[in-house]
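# Residue-level structure breakdown
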Amino acid sequence: MGRTQTQVGIVGAGPAGLMLSHLLHLHGIESVIVEARSQRYCEERIRAGVLEHGTVEMLRQTDVADRLDREGMRHEGIEIGLNGHLHRIPLTEITGKSITVYGQHELVKDLIARRLADHGEIRFECGNASLHNIDSPHPFIRCEREGQVEEIHCDFVAGCDGFHGTARSSIPELVITCYERIYPFAWLGILAEAPPVREELVYMHHERGFALYSMRSPAITRLYLQCAPDENLDEWTDDRIWTELQLRLGCSDGWRPREGRVLQKGITGMRSFVVEPMQYGSLYLAGDAAHIVPPTGAKGMNLAMADVFVLAEALRAFYKQNSRAKLETYSSICLRRIWKAQRFSWWMTSLLHLSPDATPFDRRRQLAELDYLTSSRAAAASLAENYVGLPMEL
Ligand code: PHB
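Residues numbered from 1 in each chain as written. Predicted model: local features only at pLDDT ≥ 70, side-chain atom pairs only at ≥ 80, totals over all residues. Heavy atoms only, no water.

### Quick notes on the sheet that holds strand 2 (residues 8-11)
- Overall, mixed pairing links the six strands, which are arranged 9-3-2-13-20-19 in an open sheet. At either margin of the open sheet sits one strand with a lone partner, and together these are strand 9 (121-123) and strand 19 (279-280).
- Here three bridges tie strand 13 (residues 156-159) to strand 20 (residues 283-285), and the two strands are oriented parallel to one another. Across the sheet, V157 pairs through a bridge with L283, a residue of strand 20. (Pairing = 2+ DSSP bridges. Helix = DSSP H or I, 4+ residues; strand = E, 2+ residues; numbered from the N terminus.)

### Thoughts on the site of the ligand
- Residues in contact with the ligand, as listed here, are V50, W187, L201, Y203, L212, S214, R216, R222, Y224, P295, T296 and A298.
- Within the side chain of S214, one N or O atom sits 2.6 Å away from an oxygen atom of the ligand.
- T296 places a polar main-chain atom, nitrogen or oxygen, 3.2 Å from an oxygen atom of the ligand.
- Residue assignment for the shell around the ligand shows that the elements contributing at least two residues are strand 16 (211-217) and strand 17 (220-227). (Near = heavy atom within 4 Å. Polar contact = N/O pair within 3.5 Å; in protein donor to acceptor, adjacent residues only side chain to side chain.)

### A look at the domain arrangement of the protein chain
- Along its sequence, the protein chain is carved into domain 1 (2-49 + 103-176 + 277-352) and domain 2 (183-269).
- One C-alpha centre belongs to domain 1, the other to domain 2, and the line joining them spans 31 Å.
- Regarding the contact of domain 1 and domain 2, the summed buried area is about 1100 Å², with carbon and sulfur atoms giving 66% of it.
- Along the contact surface separating domain 1 from domain 2 lie zero salt bridges.
- Summed over the shared surface of domain 1 and domain 2, the result is three residue pairs in polar contact (both at pLDDT 80 or more).
- Among the residues forming the side of domain 1 that touches domain 2, the class breakdown is nine nonpolar, four polar and one charged. (Domains from an automatic or database assignment. Buried area = accessible area lost by both parts, 1.4 Å probe. Salt bridge = Lys/Arg side-chain N within 4 Å of Asp/Glu carboxyl O. Nonpolar A, V, L, I, M, F, W, Y, C, P; charged D, E, K, R; others polar.)

### Looking at the packing of aromatic side chains
- Summed over all chains, the structure comprises 14 aromatic pairs.
- Judged by centre distance (5.7 Å) and plane angle (80°), the rings of Y179 and W339 are edge-to-face. With a gap of 160 residues between them, Y179 in strand 14 (residues 177-193) and W339 in helix 10 (residues 325-352) connect regions that are remote in the sequence.
- Since its relative accessible area comes to 37%, Y179 is described here as partly exposed. (Phe/Tyr/Trp six-rings, centres within 6.5 Å; stacked < 30°, edge-to-face > 60°. Buried < 20%, exposed > 50% of the residue type's maximum accessible area, 1.4 Å probe, protein only.)

### Structural notes on unusual backbone geometry
- Note the cis peptide between E276 and P277, where omega equals -10°.
- For P277, the location among the structural elements is in the loop between strand 18 (261-276) and strand 19.
- Phi is positive for A298, which is not a glycine, with a value near 60°.
- Its place among the elements puts A298 in the loop between strand 21 (291-292) and helix 9 (300-321).
- Overall, the relative accessible area of 14% leaves A298 in the buried class.
- Within the chain, N322 stands out as a residue other than glycine whose phi angle is a positive 55°.

### Considering the pattern of salt bridges
- Applying the stated criterion to the full structure yields 27 salt bridges.
- A salt bridge links R114 to D118; the nearest nitrogen and oxygen atoms lie 2.9 Å apart.
- Across the salt bridge formed by R271 and E180, the nearest N and O atoms sit 2.3 Å from each other. Taken together, the residues R271 in strand 18 and E180 in strand 14 connect sequence positions 91 residues apart.
- When salt bridges that share partners are traced, they join R67, E71, E106, K109 and D110 into one network.

Structural data, given as structure tokens:
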């Protein structure tokens, strides 16, 4: 059996785990990451792609934004569409801030490269991870790599292993509360080999269902269609997907998405989820392990980044100033931001999707809300402020 001693044991090499390890390194704190999947899998897993202003700033200040600054697509607005008519929300004009479109897997690549260059330890392909002694100051992670059992003994464990990971389920059920909402629809997403033919994202409310036009690079578009949660992907040929995208996204001024080879397709369910508190004993949860937002507000990865920013600062205060105060407030500080992002993501989702449960009253109210959003500066300002990201708090 292999035994390693470190300060912080991190489960999961997604954006949260990698960024935490990077921030800790900058604070002079050692960590080891264990990850179930291979490096290649982590680097190619297609996920969200919108970075808030504050997330980009954090990446710049910690010197991992070179490629992001070169290749990321900075956007100063988004379009909200109503049955083929577009209305621009000028994010930068309203807030002075912008967002950056950069695939999560690109950021993961950058963070892995940086950790490895800094001699950071990331152990890929560690199966069957389990957490032990988390109710004590001497927790450890046990996992298996190449048929060998390995133990990582540490002072703290950071659970950054996503919604289905092992970290959250290691906490006794009696000491946590989970808040959840499952939506009666899902997204069918494709990645297409087609240059984006619009500069900004289009969120379209359509009587056939919501659709989103996004992008990844000057050569690749990312598109989504609202579908049923139990939709069978096999029934969606590329032709059928494009026909539906054209119907929903085609605009009265003649604009429509450009088609191209479908590189990837998948269905994502939609849920809102929060666990409280985000900490138990020496285990601290961050990112999707602690909360899930529906993708409509583009908040998932940004919340993960905000969590680890707070956690790294709390661990710095512990190791460098011998203070536990920030560790004790970690959960409540993060949850304030998380609940505001939950509210916003729920609101964007309810505003833009057709709900099979909506009454005729709900439907009229929804159309009035879209009308209000696209005709009131105050309503647009509220969307803009949340979309570019609320300020980071410590
Ligand atoms: C994406 O590009 O994948 C994307 C953009 C905006 C969203 C969700 C996903 O709200």
